Amino acid sequence: MFIHRKIRIVLLLVGLCGELAAQKVPLLTLIDSALKKAVLQYQYLGTQLAPDVLPKTYYPLTKKFETSGSRWWTSGFYPGSLLYLYEYSHDTALLKEEKRVEKIIEKEQFNKGTHDLGFMMYCSFGAANRLNPSREYEQVLMNSARSLSTRFNATAGVIKSWDHGAWKYPVIIDNMMNLELLFWATRFSGDSSFYKIAVTHANTTLKNHYRADNSSWHVVDYDISDGHVISKKTHQGYADYSAWARGQAWGLYGYVVMYRCTRDPQYLVHAQKIARFITTHPSMPEDKIPYWDYHSPEIPATCRDASAAAITASALLELSRYTTATQSNAYKDFAEKVLRSLASPTYTAPYGENGGFILKHSTGHLPGNSEVDVPLTYADYYYIEAMLRYKAMQQKN
Ligand code: GLY
């Protein structure tokens, strides 16, 4: 008993020293070390996988490693992370593994049953095509954009998110993340219909999903007979009125992409408003990793969502390129704090632990008691992306 207490105290002190040291190290040095660790961890993660599945999460208490098939919305993040880590390390084993798994998800290009094709196909094949352009990749991406476009309804002006549940034509804020694929399709093919769908969806979402305080509802349900809004609800958040943390991050990232792809200033203004909501929220903890919902009544005795933090950091780094120096520094400063926290032992798992995932402490769907305080494949993806963005920005300066 006494020995256990001593070990616990030693571990606590080691952890504290690690965290204090991490605060002092220049962020670029910390990021290089974190990326090196990430490469090793993902090499390990690859050894945990059966041939035909993608990693999803890991339950530390029960040591249960959970995978998914290609239809699950997160299937593109593992190949996407492998490609980012390959870009960083030039480790051809990572590229080989990515080529293996892209074959598993390739068939989803014809999936017309989900709005998640942007996540699934653009984070994977979009990146593969960016690194090694090919006719095959282009075909996959064009087919994916066509499949996603079939879910657009012109009367309501939105892409339908889900086919399940009692909703009529539900749109979740997450759907903003799937529009980048459509912009790519117009750039590649010259067919402006993809661009128009993306802009219409973003405009309808801006009008109906956002509240006066610049937080967003999670789900808005439409009646496509005349396009009116039936209801505004939550699915993964605390309450209909609350601000589900990852939803705020998806919205921020989505409108930053809208600005990048259109240069329409209304999207920049909107992204800045969302950024203000997130970065100045009174419930945001000191380490800048938000609780899973900004309005959870259990704060501070509830879970964080490292995935929301990683998405936010990546989006803020891009947003900082489009704003005035003072604002840009504030966005970078916030993103830096997030990255320092995520790189610390509190959030980064040691090699070979955490099922092979990089980050701990994300929350998938707390009200559904699913993926609570666990690693998530998209937390890793946006964390790696944010670190690479930070490195690239420093190299330019
Ligand atoms: N798109 C689902 C989620 O963010 O959990």
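Heads up: the structure comes first, above all this text.
What you are looking at is a predicted structure, and each value in this text was computed from that prediction instead of being measured. (Residues numbered from 1 in each chain as written. Predicted model: local features only at pLDDT ≥ 70, side-chain atom pairs only at ≥ 80, totals over all residues. Heavy atoms only, no water.)

### Description of the overall build of the chain
Working step 1: Scanning the chain for helices and strands turns up 13 helices and 9 strands.
Working step 2: Here the chain has a C-alpha radius of gyration of 20 Å; the compact-globule value for 397 residues is 21 Å, and the two agree.
Working step 3: Across its three principal axes, the chain shows a C-alpha extent of roughly 70 × 45 × 45 Å.
Working step 4: Scored against the burial criterion, the 397 residues of the chain give a buried share of 59%.
Working step 5: Excluding contacts between residues fewer than 6 apart, the proportion of contacts in the chain whose partners are at least 24 apart in sequence is 66%. (Helix = DSSP H or I, 4+ residues; strand = E, 2+ residues; numbered from the N terminus. Rg over C-alpha atoms; globule rule 2.2 N^0.38 Å. Buried < 20%, exposed > 50% of the residue type's maximum accessible area, 1.4 Å probe, protein only. Contact = heavy atoms within 4.5 Å.)

### Comments concerning the site of the ligand
Working step 1: Around the ligand sit Trp73, Asp174, Gln236, Trp244, Arg246, Trp250 and Tyr378, and those are all the residues in its vicinity.
Working step 2: Between the ligand and the protein, one listed contact pairs an oxygen atom with a side-chain N or O atom of Arg246 at 2.6 Å.
Working step 3: With the chains in place, 92% of the 200 Å² that the ligand exposes on its own is no longer accessible.
Working step 4: Of the residues that constitute the shell around the ligand, the class distribution is 4 nonpolar, 1 polar and 2 charged. (Near = heavy atom within 4 Å. Polar contact = N/O pair within 3.5 Å; in protein donor to acceptor, adjacent residues only side chain to side chain. Areas by Shrake-Rupley, 256 points an atom, 1.4 Å probe, with all protein chains shown as cover. Nonpolar A, V, L, I, M, F, W, Y, C, P; charged D, E, K, R; others polar.)

### Overview of helix α5 (residues 117-131)
Working step 1: With 15 residues, α5 extends 20 Å between its outermost C-alpha atoms, agreeing within 8% with the 21 Å of an ideal straight helix rising 1.5 Å per residue.
Working step 2: In the structure, α5 departs most strongly from a straight axis at Cys123, where the bend amounts to approximately 30°.
Working step 3: In terms of burial, α5 is largely enclosed, as 13 of its 15 residues are buried. (Expected span 1.5 Å × (residues − 1). Bend = angle between axes of the 7 residues up to and from the residue.)

### Section: the pattern of salt bridges
Working step 1: On inspection of all chains with the given rule, the structure shows 17 salt bridges.
Working step 2: In this structure, the salt-bridge partner of Lys56 is Glu66, at a minimum N-O distance of 2.8 Å. Within this pair, whereas Lys56 is found in strand β1 (residues 54-59), its partner Glu66 is found in strand β2 (residues 64-68), the two being separated by 10 residues in sequence. In terms of burial, Lys56 and Glu66 fall into one category: buried. (Salt bridge = Lys/Arg side-chain N within 4 Å of Asp/Glu carboxyl O.)

### Examining the nonpolar core
It is characteristic of soluble globular proteins that their nonpolar side chains tend to be buried jointly.
Working step 1: Ranked by size, the top nonpolar core spans 118 residues in total, and within it Leu252, Leu339, Tyr382 and Tyr383 carry the most contacts.
Working step 2: In this view, Tyr383 contacts Ala34, Ala310, Leu339, Leu342, Ala343, Thr348, Ile358 and Leu359; residues no more than four positions away in its chain are not counted.
Working step 3: Val158, Val171, Trp217 and Tyr222 belong to the second largest nonpolar core, which has 7 residues in total. (Core = buried A, V, L, I, M, F, W, Y, C linked by side-chain atoms within 4.5 Å.)

### Details of the state of the cysteines
Working step 1: For the structure on display, the rule yields 0 disulfides.
Working step 2: The structure places no disulfide on Cys123, whose sulfur is separated from the nearest cysteine sulfur, that of Cys261, by 13 Å.
Working step 3: Exposure remark for Cys123: the relative accessible area of 9% places this residue in the buried category.
Working step 4: The buried category is assigned to Cys261, whose relative accessible area is 19%. (Disulfide = S-S within 2.5 Å.)

### Looking at the side chain of His365
Working step 1: Along the chain, the position of His365 falls in strand β8 (residues 362-365).
Working step 2: At 3.3 Å, the side chain of His365 forms a polar contact with the backbone oxygen of His235.
Working step 3: With near-sequence residues (within four places) excluded, His365 lies in contact with His235, Gln236, Ser370, Glu371 and Val372.

### Here we look at the packing of α5 against helix α7 (residues 179-189)
Working step 1: Where α5 meets α7, the closest approach of the two axes is 9 Å, and the angle between their N-to-C directions is 50°. With respect to their mutual orientation, α5 and α7 come out oblique. For the pair α5 and α7, the contacting residues are Leu117, Gly118, Tyr122 and Asn129 in the first and Glu180, Leu181, Trp184 and Arg187 in the second.
Working step 2: Among the residues forming the contact of α5 with α7, the class breakdown is 4 nonpolar, 2 polar and 2 charged. (Axes fitted to C-alpha atoms, helices over the stretch in contact; angles between N-to-C directions. Parallel < 35°, antiparallel > 145°, perpendicular 65-115°, else oblique.)

### A closer look at the pairing of β2
Working step 1: In this sheet, β2 lies alongside β1 in antiparallel orientation, the contact comprising 5 bridges. The residue of β2 that forms the bridge with Leu54 is Ser68.
Working step 2: Counting the residues that bridge the hairpin from β1 to β2 gives 4 residues, and of these Lys63 lies at a positive phi of roughly 60°. (Pairing = 2+ DSSP bridges.)

### Notes on the sheet that holds strand β5 (residues 170-172)
Working step 1: Strand order across the open sheet formed by 3 strands is β5-β6-β7, with antiparallel pairing between neighbours. Each of the sheet's edge strands pairs with one partner strand only, and the pair in question is β5 and β7 (229-233). Taking the axes of each pair of neighbouring strands and ignoring which way they run, one obtains an average angle of 20° across the sheet.
Working step 2: The pairing of β5 with strand β6 (residues 219-222) spans 3 bridges and is antiparallel. Looking across to β6, one finds that Val171 is bridged to Val220.
Working step 3: Docked against the sheet, helix α8 (residues 193-209) engages β5, β6 and β7, running at close to 110° with respect to β6.

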